[in-house]
Amino acid sequence: MRDTRCALEIRWSKLPRLCVVLLAGFAICSSASAQVVPAQLTIDVNKIVTPISPMLYGLMTEEINHSYDGGLYGELIQNRTFRSTWEGEPPWDLVRHGNAVAARSLDRSTGPSKALSYSMKLSVTTASATDEAGLTNPGYWGYGLRPDTTYNGSLYACVESAEVGPITVKLVNNATGAVQAQTQVSVEPGPWKQYVYKLTTGKISPSKDNHLELVVRHPGTVWLQFVSLMQPTFKGRPNGNRIDLMERMAEMHPKFLRLPGGNYLEGSTVATRFDWKKTLGPVVDRAGHEGPWGYWSTDGFGLLEFLEWCEDLKVEPVLAVYAGYSLRGTHVAVGKDLEPFVQDALDEVEYVTGDVTTKWGAERARNGHPAPFPLHYLEVGNEDYLDKSGSYPARYAQFAEALHQRYPQYKLISTDGNSEYETKVKSDISDEHYYKSPADMMDLVHHYDTASRTGPKIFVGEWATRSGSPTPNFGDALGDAAWMTSMERNSDLIIMASYAPLLVNVSPGGMEWPTDLIGFDAATTYASPSYWAQSLFAGHLGDGTAQSSIQGENHRFFYSATVDTKGKVLHLKLVNASNVAQPMVVSLAGIQGAHTAKVTSLHGATFEATNTMDKPDEIHPVTTSVAVSGAAWKHTVPALTIEVVDVPF
Ligand code: AHR
């Protein structure tokens, strides 16, 4: 439900201090109708009351909303391994130009690897240079092509006779049929072989409305498997990530990446969990698996790719290990049955951190990354409070004993924590999740102010204010900003936090979970208001919360006063979620004289105002400067506005 606000929401207790101007006609809900007595905000920048965790803001994603396949993962071809359903091998189709005659069928008797022991058989009986025949693929809701760009392709093929000739691969505009790029791949008779190719565009207009064709010009039979086309990737990594999405994430100033999920870690069943050992090595040896969000995961985005993603963003992995519980409610019995899973977790940590003399460190080196990755935090499971069998404390204990014994240096995160549930496990850190409406999120902002400081530290591993779809609206951004003021204020307890989900492919059918931070399609991305709020907060974090107090503010006003004690800057975050401007008098102890402060503000006309693919910049940060005097700085935060004020001292 939306949070409706008007001037009358100003507390009754404050009424005598209000100078309310009632306009004719009693237009009492207009922000112009009331003059609000300034709130008194007092801050002492030299008195740090709590530290800010340097790891506070991080990222959490998983394979949901086509975050990886059809998203961050650079692969452009959908179903590159010809997986079959009752419909055939969607979205592949036959293409027969002119009078070409051809058929396709799935051949389960031959393929290029053990993992891909089947293939697509293309049988062409009539074809020519003008009447080509073959297969077509629409990509993940198109191919986002750019001018003067090279796309790296590869395919596995097996042919009976050279007479079938080369395979032509081309990218074709859906509306005009214009060929945007093409090349010929010469294939030779013999066993399965990988062929690589490149497609380079010329001076085309950027567009996502393209499809791929893979055709021959002579009769013959071709078996195909693992047909791949990678877009340019971040830092040019082979099998790497889409550049624009990586740039969006970098702009969020993250410090860690919680991986690999979420529900994606658990899987719907034990068999379909994120089985990290099956995601290593040459991609042709990865069979993929059924993800929990209703679509197949290629596992091209495997454990090493997750770690390299961390490396590229210069963030640390927060590694979640599968703890024996899957979403449909099955759990592995503690004791002997759980032992292989505990061993898998130990091996996984060795894969991430072991040097090349260890078994799994050597495997990582064989996979192309000899250097170990940094690691400090290990999470055991995900949302195990949902395991109604009550088996988590015992499962956690079995994992914790083995992990602590072998890796005493790492902090363990448990996942039965949530204020709405009773936690039984006393770990180093408890992972708590909050998905709330704007009203509920704003009502939660004092939740941690009085929470115990003697128990585990808190990792808010998933949180989001949710009302907008597919991406948060400005009301959500206000809820998120209010929540972030609370996390910063309580960062002595809350050491890490990650919004979820991060990504959504907004193409029809791309989304499973509404309200995701960054929207994208095959060609472009856009940042939601909540994305900007988070990017602003994380980019102005500081290392301590200053002593402060406020009086006379409206019910929907929130703030955080953090200080960069070395750089000598006060980062003042002011969140006015009311539709009434909030005047304030700010007393800044420890700041002498006049200073010029930088103000970065985010404003929406309504709670519903938002950014979309068509209007990506409706709500965006605007930077100005103001003169600030330490003694009594008069400042007004406009209605429905988030401000970050940097005051040097
Ligand atoms: O973020 C979406 C889902 O919400 C996560 O997969 C799960 O952990 C939570 O329930």
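Residues numbered from 1 in each chain as written. Predicted model: local features only at pLDDT ≥ 70, side-chain atom pairs only at ≥ 80, totals over all residues. Heavy atoms only, no water.

Some words on the pattern of salt bridges
Counted according to the given criterion, the structure contains 30 salt bridges. As a salt-bridge pair, R80 and E75 come within 2.9 Å of each other at their nearest N and O atoms. For the pair R80 and E75, one class covers both residues: buried. We note a salt bridge from R237 to E308, for which the minimum N-O separation is 3.5 Å. On the criterion of sequence distance, the pair formed by R237 in the loop between β14 (220-230) and α2 (243-250) and E308 in helix α4 (residues 303-313) is long-range, its members being 71 residues apart. Comparing R237 with E308, the two get one shared label, buried. In this structure, a network of salt bridges that share partners links the residues R273, D275, K277, K278, D344 and D347. (Salt bridge = Lys/Arg side-chain N within 4 Å of Asp/Glu carboxyl O. Buried < 20%, exposed > 50% of the residue type's maximum accessible area, 1.4 Å probe, protein only. Helix = DSSP H or I, 4+ residues; strand = E, 2+ residues; numbered from the N terminus.)

Focus: helix α6 (residues 359-366)
Where α6 is concerned, the buried positions are W360, G361, A362 and R364. Positive phi shows up at G368, right after α6, with a value of about 110°.

Let's talk about the confidence of the model for the chain
Interpreting fine coordinate detail is not advised for predicted regions of low pLDDT. Across the chain, the average pLDDT comes to 93, with 94% of residues at or above 70. This model gives residues 1-33 a pLDDT under 50, and the stretch forms 47 contacts once residues within four places in sequence are excluded. (pLDDT = per-residue confidence, 0-100. Contact = heavy atoms within 4.5 Å.)

Details of the pairing of strand β10 (residues 167-173)
Of all the seven residues making up β10, seven are buried; the element is thus mostly covered by neighbouring parts of the structure. Of the two faces of β10, the one holding I167, V169, L171 and N173 and the one holding T168, K170 and V172 are both buried throughout. Strand direction decides the pairing type here: β10 and strand β11 (residues 179-185), joined by six bridges, are antiparallel. Within β11, the position partnered with K170 by the bridge is Q182. Hairpin geometry of β10 and β11 is characterised by an intervening segment of five residues between the two adjacent antiparallel strands and by a positive phi of about 80° at G177. The sheet contact formed by β10 and strand β13 (residues 210-216) spans six bridges and is antiparallel. (Pairing = 2+ DSSP bridges.)

Focus: the packing of aromatic side chains
With the rule as written, the count across this model stands at 25 aromatic pairs. With centroids separated by 5.7 Å and ring planes inclined at 50°, the aromatic side chains of W276 and Y351 adopt a geometry described as tilted. With W276 in the loop between α3 (263-266) and β16 (289-290) and Y351 in helix α5 (residues 339-353), the pair connects residues that are 75 residues apart, well separated along the chain. Ring centres of Y322 and F341 lie 5.7 Å apart, and the angle between their planes is 55°; this geometry places the pair in the tilted category. In this pair, Y322 is assigned in the loop between β18 (316-321) and α5 and F341 in helix α5, connecting sequence segments 19 residues apart. Among the aromatic residues, ring-to-ring pairing joins Y68, Y73, Y264, F274, F301, F306 and W309 into one connected group. One Lys or Arg, R83, reaches over the ring of W296 and ends 3.3 Å from the middle of that ring. (Phe/Tyr/Trp six-rings, centres within 6.5 Å; stacked < 30°, edge-to-face > 60°. Lys NZ or Arg CZ within 6 Å of the ring centre and 35° of its normal.)

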